[in-house]
Amino acid sequence: MNDELNIELSESPIDALKQIIEHHGKDITPLFAAAITIYAGAQSAFTDKKEKKDQLETVICR
Amino acid sequence: MVIKKITFQNILTYYGEQSIELPIDGDRTLTILVGPNNSGKTSIIRALKFWFYGRDGIADRKDPVSYISNRAKAETPIGKSLEAWVEITFERQVKEDRETKTLRRVIEAKRTAESRWELRSTGLFVSRPTERIPLMADESDRFQRIIESMVPKALFDAFYFKGEPLDGKLLGDVSGIRSALGQFLHEDQWEEAQDAVGEIRENLSKKLSKLTSANSELQSKLKELSQWEIKLEAQRKALSDEESSLEASQALHLQETQKLESLGDEEAARSIRTKLSSAQQRFKAAESQLRSAEEGLKSEISNSLGLPFLVSTAEPVSRILKEMEDDNILPADITDGFVDRVLSKKSCICGKPHDSSSRSNWEAYKARTLNADAGAGLRKLLDWVKPQGTLSIKSRSKEISKNIARLVKERLDAITAKNEADTEIKALQSHMENIPIEEIARIGKSLRELSEQIRSKENRARTISDALRITEYNTKNLKSEIQDLSKKSGVDQNAFKKLTTSKDKADRLHKALTECRSRLGLYFHRNLQSNVSSIYDSKSTDGSKAHIHRQTLLPAIHVNGQATRELGGGQSQLLALAYVVSLAKLRQSMHEQLEELNIRLGRIDDLSFFMDSPFGHMEEHYKRAAVELVPHCARQMFVFVWKEEWDFVRPLLEKKADAIYAIEFATSREDLDKVEKPQRKYSFSSGSRDLLVSLPKGEVYPYSTILKIK
């Protein structure tokens with residue numbers, strides 16, 4: 001049990017991550033996906049650190 | 001990454017070019033390779049490791065020339081070079097597409113003398129069969145990095161078991177499971193993303209500050225907000241650290257409790273100790289009672305003068321005494337002086353006057369009486385033979401018999417008590433041998449300390465959480481104040497709103513990333529523990545349980561709460577298989593869930609397991625359980641089996657296999673004759689085949705050939 005989130009966390013690792021992400025607002029889930037995809041995704045087209053950060057800032061400020 | 005084809009030339013026992021095509025269609029595939037002992041099954045694993053890591057993949061970094069087939073070497077003239085290679089065609093996800101690549105790892109060596117070889121080169125090449133130059137060197141190690149990232153070296157032995165026993169590799173040598181799982185998720189990149197979000201948040205703060213530079217009150221409020229946010233961040237981090245620490249203590253508490261439950265509780269252990277101590281005291285008391293009874297008996301028998309045995313003589317002794325009395329043989333002490341004193345008087349004791357016969361009568365009487373000692377003895381004897389009285393032989397004998405009977409009873413009671421205490425002591429000691437009392441006491445102490453830690457951590461977390469709520473409340477109010485103030489201040493409202501919204505999003509995203517990263521390890525553990533236990537615990541027949549280490553994520557078998565490696569029935573191999581299946585499930589679940597979250601990290605569920613003799617050295621029960629697990633438990637499952645294993649698994653696996661290959665091993669006539677004919681024959685649905693054959697005429701070096709069966 002996570003006191004701060006006040007939710008029973010799932011046994012499945014990623015289900016639990018999903019719960020944590022959604023706890024910070026529904027709009028955070030796509031933002032989170034975008035951040036991880038930009039940095040670690042197989043489709044990531046960005047190799048430069050600054051390019052990645054700029055892309056992420058664009059997504060956050062959209 | 002999934003492997004489509006493995007080809008090798010002149011590698012280890014394989015002569016010439018040999019290849020195996022692995023099915024990749026569908027989510028789960030099973031390929032079986034059947035071969036005699038020492039025919040080259042493990043050589044395939046060695047070849048794979050060499051392909052992945054080059055010289056680093058060769059055990060003890062031996063000379064790569066040792067990987068070249070002896071037969072090929074023998075056929076190479078002195079002064080000529082020879083090439084041996086391993087080539088793998090694999091498929092991997094690149095962006096939206098699946099990419100197929102073929103990479104060849106080559107060893108080139110020159111024969112410089114009859115038995116001397118010189119290594120010319122080893123290297124990785126990209127195969128381009130349609131190009132003018134069909135092999136291109138991996139100059140910048142680009143592909144080397146790609147294949148190493150697909151199968152990290154630390155994890156190779158978890159997926160590509162080599163040699164026997166299977167469990168030895170998995171349970172002993174595999175390290176870095178946790179970091180390797182993180183590597184599949186590119187956890188380092190998550191951290192980079194988190195840092196970037198932090199920087200973006202700061203940039204947005206600066207932009208806000210710039211936007212409001214004309215209004216000093218708004219500036220001051222924003223500055224104050226920034227300080228509150230720093231405080232908020234620090235409190236959130238402190239809470240997250242405290243909660244992680246609390247969870248670790250709770251997990252440890254649970255683990256210790258489960259251990260204790262399997263050992264027996266502390267109270268029971270204490271009770272056994274008390275009982276043992278009491279039985280030992282009773283044993284000592286009985287021993288002392290026995291000694292005392294035996295001493296008493298000795299003394300009583302010694303003092304009895306054998307009277308109880310003389311009781312039957314009392315009657316005849318009475319008669320003899322009566323006779324003696326009748327004969328005037330009385331107990332008296334008649335001395336010469338006594339006779340003289342009687343005769344010196346006028347009359348006798350009886351009152352008659354003395355006459356001439358008085359002296360001779362007294363002399364005759366004196367001669368018939370006993371002396372003083374004999375008299376005393378006779379008096380004692382007379383007392384004894386009396387039917388009544390405390391000194392009578394009957395009373396004394398009765399008393400002695402009573403005392404002896406009492407002492408005999410005491411002795412018997414002591415012996416019984418001693419034997420009972422001894423039996424109890426032995427039983428309790430044997431019980432204690434099976435119950436690790438010391439371990440129970442240690443766990444009990446550890447549990448008390450952990451409970452104390454948990455209580456204090458809960459209190460600290462509550463205190464931080466309360467403070468955090470206050471900070472959040474103040475921050476929220478301040479934000480609202482800033483909003484109101486911004487409206488009155490003439491600041492561009494659209495720009496202001498956009499910046500504050502973005503900053504808020506960056507803040508929440510940062511929080512989500514921090515929390516997800518800190519929880520990842522815990523969920524890997526939970527998932528693996530739950531999956532491995534559900535497979536292993538239900539199959540184990542000896543009460544042993546699967547246990548996943550919380551930090552390393554390595555599996556172990558616990559018996560009575562203690563890790564053990566001493567089980568020989570096949571438990572370890574079943575655990576290894578359960579672990580493999582669980583790793584596959586974990587990666588599949590991660591892949592599906594990440595896809596659901598729209599996070600595309602590639603096919604992280606793409607993985608191949610190579611298992612060398614997974615069913616060897618197992619009891620039938622465990623072998624059967626292992627066979628049930630193998631088919632279709634991963635994208636690619638490649639199982640190598642030898643004769644006995646094949647005979648056992650064939651009815652269960654042959655139909656389920658997507659492909660079957662066999663190794664035909666050509667060996668010398670002498671070695672072949674050592675194996676009975678039925679042992680050379682392998683049965684398949686398509687017919688039987690001899691997989692052990694004789695070397696062609698003139699050949700000296702044994703070699704292997706791959707045959708496609710299904």
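Each value, and the rule that gives it
- Residues numbered from 1 in each chain as written.
- Chains lettered and ligands numbered in written order.
- Predicted model: local features only at pLDDT ≥ 70, side-chain atom pairs only at ≥ 80, totals over all residues.
- Helix = DSSP H or I, 4+ residues; strand = E, 2+ residues; numbered from the N terminus.
- Buried ≥ 20, exposed ≤ 12 C-beta atoms within 10 Å, placed from the backbone.
- Contact = placed C-beta atoms within 7 Å.
- Nonpolar A, V, L, I, M, F, W, Y, C, P; charged D, E, K, R; others polar.
- Pairing = 2+ DSSP bridges.
- Axes fitted to C-alpha atoms, helices over the stretch in contact; angles between N-to-C directions.
- pLDDT = per-residue confidence, 0-100.
- Expected span 1.5 Å × (residues − 1).
- Arc of directions from axis to C-beta.
- Core = buried A, V, L, I, M, F, W, Y, C linked by C-beta atoms within 7 Å.
- Parallel < 35°, antiparallel > 145°, perpendicular 65-115°, else oblique.
- Left-handed = near helix turned anticlockwise from the far one by under 90°.

1. What to know about the overall build of chain A
Here's step 1: Tallying secondary structure elements over chain A gives 3 helices and 0 strands in all.
Here's step 2: When the helices and strands of chain A are listed from N to C terminus, the series reads α-α-α.
Here's step 3: Expressed as a percentage of its 62 residues, the buried residues of chain A come to 37%.

2. Here we look at the interface of chain B and chain A
Here's step 1: Contacts between the two partners involve 44 residues from chain B and, on the opposite side, 36 residues from chain A.
Here's step 2: At the level of secondary structure, the elements contributing two or more residues to the side of chain B that touches chain A comprise strand 4 (81–94), helix 7 (187–211), helix 8 (216–263), helix 16 (437–489), helix 17 (493–539) and helix 18 (571–596) of chain B.
Here's step 3: For the side of chain B that touches chain A, a count of residues per class yields 21 nonpolar, 11 polar and 12 charged.

3. Notes on the environment of Leu586(B)
Residue and element names in this part refer to chain B.
Here's step 1: Tracing the chain through its elements places Leu586 in helix 18.
Here's step 2: Note on Leu586: 24 C-beta atoms within 10 Å, which makes it buried.
Here's step 3: In this structure, Leu586 is in contact with Phe524, Asn527 and Leu528, ignoring residues within four places of it in sequence.

4. Points about the sheet that holds strand 2 (residues 17–21) of chain B
Residues and elements named next belong to chain B.
Here's step 1: The sheet built from 6 strands is open, its strands ordered 2-1-4-5-6-7 with antiparallel pairing. Of all strands in the sheet, those bounded by a partner on one side alone are strand 2 and strand 7 (135–137). Sheet twist, expressed as the mean angle between neighbouring strand axes with direction ignored, is 25°.
Here's step 2: Examined bridge by bridge, strand 5 (residues 97–113) and strand 6 (residues 116–127) share 10 bridges and lie antiparallel to one another. Following the sheet pairing, Ala113 is matched in strand 6 by Arg116.

5. Examining the confidence of the model for chain B
All names here are of chain B.
Here's step 1: Confidence along chain B averages 83 in pLDDT terms, with 91% of residues attaining 70 or more.
Here's step 2: The secondary structure element of chain B with the lowest average pLDDT is helix 5 (residues 166–173), at 47, and the one with the highest is strand 13 (residues 659–667), at 95.
Here's step 3: Considering only residues more than four positions removed or in separate chains, one finds that residues 162–173, a stretch of pLDDT under 50, has 36 contacts.
Here's step 4: Scored as a whole, the predicted complex attains pTM 0.60, and scored at its interfaces, ipTM 0.85.

6. What about helix 3 (residues 49–61) of chain A?
Here's step 1: For helix 3 of chain A, with 13 residues, the first-to-last C-alpha span of 18 Å sits near the 18 Å given by 1.5 Å per residue.
Here's step 2: When we look at burial in helix 3 of chain A, the residues that qualify are Lys52(A), Lys53(A), Gln55(A), Leu56(A) and Ile60(A). Seen end-on, helix 3 of chain A carries its buried residues on one side only, within an arc spanning 160°. In helix 3 of chain A, the exposed positions that point more than 90 degrees away from the buried face belong to Lys50(A), Glu51(A) and Thr58(A).
Here's step 3: Buried positions along helix 3 of chain A lie against helix 2 (28–40) of chain A together with helix 7 and helix 17 of chain B.

7. Structural notes on the nonpolar core
Here's step 1: Judged by nonpolar contacts, the single largest core of 130 residues is most densely connected at Ala35(A) and Leu509(B).
Here's step 2: Ignoring any residue separated from it by four or fewer positions in sequence, one finds Leu509(B) in contact with Ile28(A), Leu31(A), Phe32(A), Ala35(A), Ile60(A) and Val197(B).

8. Description of the packing of helix 3 of chain A against helix 7 of chain B
Here's step 1: Contact geometry for helix 3 of chain A and helix 7 of chain B: axes closest at 10 Å, N-to-C directions at 60°. By the angle between their axes, helix 3 of chain A is oblique relative to helix 7 of chain B. Helix 3 of chain A and helix 7 of chain B meet at a crossing whose hand is right-handed. Within the contact between the two elements, helix 3 of chain A uses Lys52(A), Lys53(A), Leu56(A), Glu57(A) and Ile60(A) and helix 7 of chain B uses Ala193(B), Ala196(B), Val197(B), Glu199(B) and Ile200(B).
Here's step 2: Of the residues that constitute the contact of helix 3 of chain A with helix 7 of chain B, the class distribution is 6 nonpolar, no polar and 4 charged.

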